[in-house]
Amino acid sequence: MRVVWLAILASLMIGCSDSSEQVNAQGAGASRFPAFPSLPTSPSESVQLTGAMSWWFLEGDGGCFGTLSDGRQSVELHAEADLCEAVEYEEGQEASISVTFDPNKQYAPDNVKMYSITAFLQ
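Residues numbered from 1 in each chain as written. Predicted model: local features only at pLDDT ≥ 70, side-chain atom pairs only at ≥ 80, totals over all residues. Heavy atoms only, no water.

A. Looking closely at the state of the cysteines. Under the definition given, this model contains one disulfide. The disulfide partner of C64 is C84, and the gap between their sulfur atoms is 2.1 Å. Sign of the S-S torsion, about 95 degrees for the bond between C64 and C84, identifies this disulfide as right-handed. In this pair, C64 sits in strand β2 (residues 64–69) while C84 sits in helix α2 (residues 81–84), placing the two residues 20 residues apart along the sequence. Here C64 and C84 have matching classes, each one buried. (Disulfide = S-S within 2.5 Å. Helix = DSSP H or I, 4+ residues; strand = E, 2+ residues; numbered from the N terminus. Buried < 20%, exposed > 50% of the residue type's maximum accessible area, 1.4 Å probe, protein only.)

Okay, structure coming up:
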């Protein structure tokens, strides 16, 4: 009986090991987007970002808030209401946007930088 349990345990460990290697391999190659470029540090700079919108929320007059990820890094986003009124994203949907950094529009908690969307490109 002990041999049977050891055989079952060994097969489970081998099965779990193979599964986690597959997950790690998939995770390493899962990003279909190029890495984000250097992010802007002032309103006079802007960059284009393409990634998956992992969270998107329209807050009416407060504008839109979201999180965009390239698979390695995520950035917090805000857009003015008039710019984002008709824009919606499903979780994981590809988005291409232009962003800048405005120190006067920092709404994220815990000193997380928030980037202002200046244009929706896709």
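Back to the text.
B. Expanded view of the sheet that holds strand β3 (residues 74–79). Taken together, the five strands give a closed barrel; going around it, the order is β1-β2-β3-β5-β4, and neighbouring strands pair in mixed fashion. The sheet shows a mean angle of 55 degrees between the axes of neighbouring strands, taken without regard to direction. In terms of strand pairing, β2 meets β3 through six bridges, oriented antiparallel. Residue pairing across strands places T67 opposite E76, the latter belonging to β3. (Pairing = 2+ DSSP bridges. Axes fitted to C-alpha atoms, helices over the stretch in contact; angles between N-to-C directions.)

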